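Chain by chain, the residues:
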Amino acid sequence: MMSLLRGKIPSHIVVAASAWISRIVAAFVQLLSVRILIDGLGVEQYAIFSVLIGLMGWFMLSDIGIGTSLQNFISERQAEQKNYGDFISAAAICAIGILILTIPLLYILSVMIGPILLQTFNIITEHEKITLFFIVGVLGIITCIGNIVYKIWYAKHKGYLSNILPALASIMSLILVWVASKSNVNTKLLLSIVAYLLPAGLISVISFAYEYMRAKSGFDVHITKKIFSRAYRFWFFSVMASVVLQIDYIIISQYLRPDDIVIYNITTKIYSFIAFIYGAVLLALWPKFTEMIYQSNWVGVIGYLRRNILLGIIFIILSTLILSNFIQVLVKLLAPGQEIFISTSLVVLMGLYHIIRVWTDSFSMVLQSMSLMRPFWILVPVQALFSVVFQIIFVSIYGLNGIVVGLILSYVLTVVWALPQVVFKLAKKREGITE
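Treat the numbers as computed from the prediction; the structure is a model and nothing was measured.

**Student:** For this particular structure, what's the right way to read the confidence of the model for the protein chain?
**Tutor:** Low pLDDT marks stretches whose predicted atomic positions should not be read closely. On average, residues of the protein chain score 87 in pLDDT, and 94% of them are at 70 or above. Predicted confidence for residues 1–6 stays below pLDDT 50, and this span has six contacts to residues more than four positions away or in other chains.

Structure below.
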């Protein structure tokens with residue numbers, strides 16, 4: 001059935017549609033999980049949960065860029081109608097090596113980082129802080145390694161699988177979280193974290209192992225070097241991007257109260273659902289862009305880019321208008337009986353931030369699809385510095401709003417204007433396209 005649909009409908013539309021449906025399921029599950037977790041853990045323990053889960057973006061750096069590098073190599077091989085099993089095998093063996101090396105290192109770091117990160121939470125012991133950080137880290141690393149399979153499927157134009165399986169994992173997670181919330185054990189917080197994260201890690205790792213066995217190719221040092229020749233560039237970009245995008249929970253945990261963390265968590269979860277609908281289109285278009293650029297079809301690239309940016313911005317504006325009027329209704333559904341208030345100013349700032357993200361993520365994806373990372377090496381470290389400095393400055397003045405203001409300024413002063421210049425310069429040079 002799926003192959004029949006893909007024969008009649010463009011593959012990126014099938015992938016994006018599956019992503020939207022899967023994300024609706026996953027978003028509903030996540031929002032329902034918020035209610036279950038707040039009921040089961042209380043506001044302060046849920047704040048700890050939010051801070052730790054907010055670190056997942058850092059642990060998702062564990063593949064050192066192998067996944068993205070592999071995706072582009074597979075897309076290029078497909079454009080040439082060549083076999084790519086040797087690339088999958090090399091990536092899988094490297095991933096096993098990463099697991100063996102990183103988990104012992106994580107244990108050492110947990111002893112130092114766990115107590116510092118959670119120092120404002122006095123309801124748990126030092127030992128619990130170390131344990132919680134370590135468990136989240138292990139599950140994050142496993143999930144990151146497993147998620148390489150989703151890059152493989154996107155490159156093979158089977159991105160619908162990359163959307164369906166995480167949705168199934170989220171349903172399993174919801175069931176396990178509900179069971180954990182009903183338990184009477186003293187380790188309910190730890191049990192809830194494992195229940196929330198374990199399904200995604202297991203499903204992705206098993207799927208990756210399946211693709212590795214299907215590849216039927218041995219380890220090739222030359223292929224491995226090729227993968228790493230690009231991987232480290234993507235990884236450096238991802239590290240800097242994480243400083244921009246993932247530092248917020250760390251700063252909030254040090255400067256604001258547990259109820260502020262819960263407010264931020266609920267708001268970002270709502271907007272992450274909104275943003276993913278557009279992001280699903282970008283992920284689906286990534287391999288298509290790689291192939292079009294490889295074939296020097298810049299007219300097609302720019303056409304897709306302009307159309308999707310316009311639709312994305314309109315979608316974010318409409319979503320923000322709706323949320324401005326109904327945000328408290330959502331809050332009452334997610335945290336009944338809790339004194340949680342999300343201001344309209346925070347909603348509007350989040351909307352503005354995501355409009356900027358539609359613009360910058362679109363141009364960013366074009367450059368990444370052609371493995372051109374040099375502009376990011378220059379821009380993103382500067383943006384990361386701005387992000388940290390501005391968030392620390394403005395959180396002290398404006399609270400949660402200051403976090404979003406800091407993020408917006410870091411984008412406006414760097415990638416908002418620079419990335420479009422790079423893309424249009426490349427298009428103009430190669431096909432005479434103007435802005």
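**Student:** Would you explain the side chain of Glu76 in this entry?
**Tutor:** You can see Glu76 is positioned in helix H4 (residues 66–79). A relative accessible area of 15% means that Glu76 is categorised as buried. When sequence neighbours within four positions are dropped, the list of residues in contact with Glu76 reads Arg230, Thr290 and Tyr294.

**Student:** For this particular structure, what's the right way to read the packing of helix H13 (residues 298–334) against helix H14 (residues 344–369)?
**Tutor:** A pair of packed helices can be characterised by two numbers: the angle between their axes and the separation between those axes. Axis separation between H13 and H14 bottoms out at 9 Å; the angle between their running directions is 170°. With respect to their mutual orientation, H13 and H14 come out roughly antiparallel. Touching Trp298, Val301, Leu305, Ile309, Gly312, Ile313, Ile316, Ile317, Thr320, Leu323, Ser324 and Ile327 of H13 are Thr344, Val347, Val348, Gly351, His354, Ile355, Val358, Trp359, Ser362, Phe363 and Val366, all from H14. Here the residues of the contact of H13 with H14 are counted per class, giving 16 nonpolar, seven polar and no charged.

**Student:** Is there a simple way to explain helix H10 (residues 221–245) in this structure?
**Tutor:** An α-helix turns once per 3.6 residues; consequently, residues spaced three or four apart project the same way. Between its terminal C-alpha atoms H10 stretches 34 Å, which fits the 36 Å expected from 25 residues at 1.5 Å a residue. Taken as a whole, H10 carries its principal kink of about 30° at Ala231.

**Student:** What is the right way to look at the state of the cysteines in this model?
**Tutor:** By definition, a disulfide links two cysteine residues through a covalent bond between their sulfur atoms. By the definition in use, this model includes zero disulfides. Free cysteine Cys94: the closest other cysteine sulfur is in Cys144, separated by 13 Å. For Cys144, a relative accessible area of 3% gives the class buried.

**Student:** Quick question: what am I supposed to make of the layout of surface pockets here?
**Tutor:** Empty space among the atoms becomes visible once a probe the size of a water molecule is rolled across them. When its volume is computed, the largest pocket comes out at roughly 550 Å³. Looking at the largest pocket, it is lined by 21 residues, and the ones nearest its centre are Trp58, Phe59, Leu61, Ser62 and Leu109. For the lining of the largest pocket, the element with the highest residue contribution is helix H5 (residues 85–117), accounting for eight residues. Across the lining of the largest pocket, the residue classes break down as 17 nonpolar, four polar and no charged.

**Student:** Would you mind showing me how to read the packing of aromatic side chains here?
**Tutor:** For any two aromatic rings, the description comes down to two numbers: the centre-to-centre distance and the angle of the planes. Applying the stated criterion across every chain, the model contains 15 aromatic pairs. Between Tyr353 and Tyr411, the aromatic rings sit 5.8 Å apart at their centres with planes inclined by 75°, giving edge-to-face as the arrangement. Placement of the pair is Tyr353 in helix H14 and Tyr411 in helix H16 (residues 400–412), with a sequence separation of 58 residues. The class for Tyr353 is buried, based on a relative accessible area of 6%. Put simply, the rings of Phe386, Phe390, Phe394 and Tyr398 pair up and form one aromatic cluster. A cation over a ring is seen here: Arg230 above Phe73, with NZ or CZ 4.0 Å from the ring centre.

**Student:** Which parts of the structure should I look at to understand the environment of Leu174?
**Tutor:** If you trace the backbone, Leu174 turns up in helix H8 (residues 159–181). Taking the C-alpha atoms as reference points, Leu174 and Val34, 140 residues apart in sequence, are found 9.9 Å from one another. Excluding its chain neighbours within four sequence positions, the residues that come into contact with Leu174 are Val29, Leu32, Ser33 and Ile36.

Rules used in this analysis
- Residues numbered from 1 in each chain as written.
- Predicted model: local features only at pLDDT ≥ 70, side-chain atom pairs only at ≥ 80, totals over all residues.
- Heavy atoms only, no water.
- pLDDT = per-residue confidence, 0-100.
- Contact = heavy atoms within 4.5 Å.
- Helix = DSSP H or I, 4+ residues; strand = E, 2+ residues; numbered from the N terminus.
- Buried < 20%, exposed > 50% of the residue type's maximum accessible area, 1.4 Å probe, protein only.
- Axes fitted to C-alpha atoms, helices over the stretch in contact; angles between N-to-C directions.
- Parallel < 35°, antiparallel > 145°, perpendicular 65-115°, else oblique.
- Nonpolar A, V, L, I, M, F, W, Y, C, P; charged D, E, K, R; others polar.
- Expected span 1.5 Å × (residues − 1).
- Bend = angle between axes of the 7 residues up to and from the residue.
- Disulfide = S-S within 2.5 Å.
- 1 Å grid on protein atoms, 1.4 Å probe; cavity = no way out; pocket = protein on both sides within 12 Å on 5 of 7 lines; lining within 4 Å.
- Points joined across faces, edges and corners; volume = space filled by probe spheres on them.
- Phe/Tyr/Trp six-rings, centres within 6.5 Å; stacked < 30°, edge-to-face > 60°.
- Lys NZ or Arg CZ within 6 Å of the ring centre and 35° of its normal.

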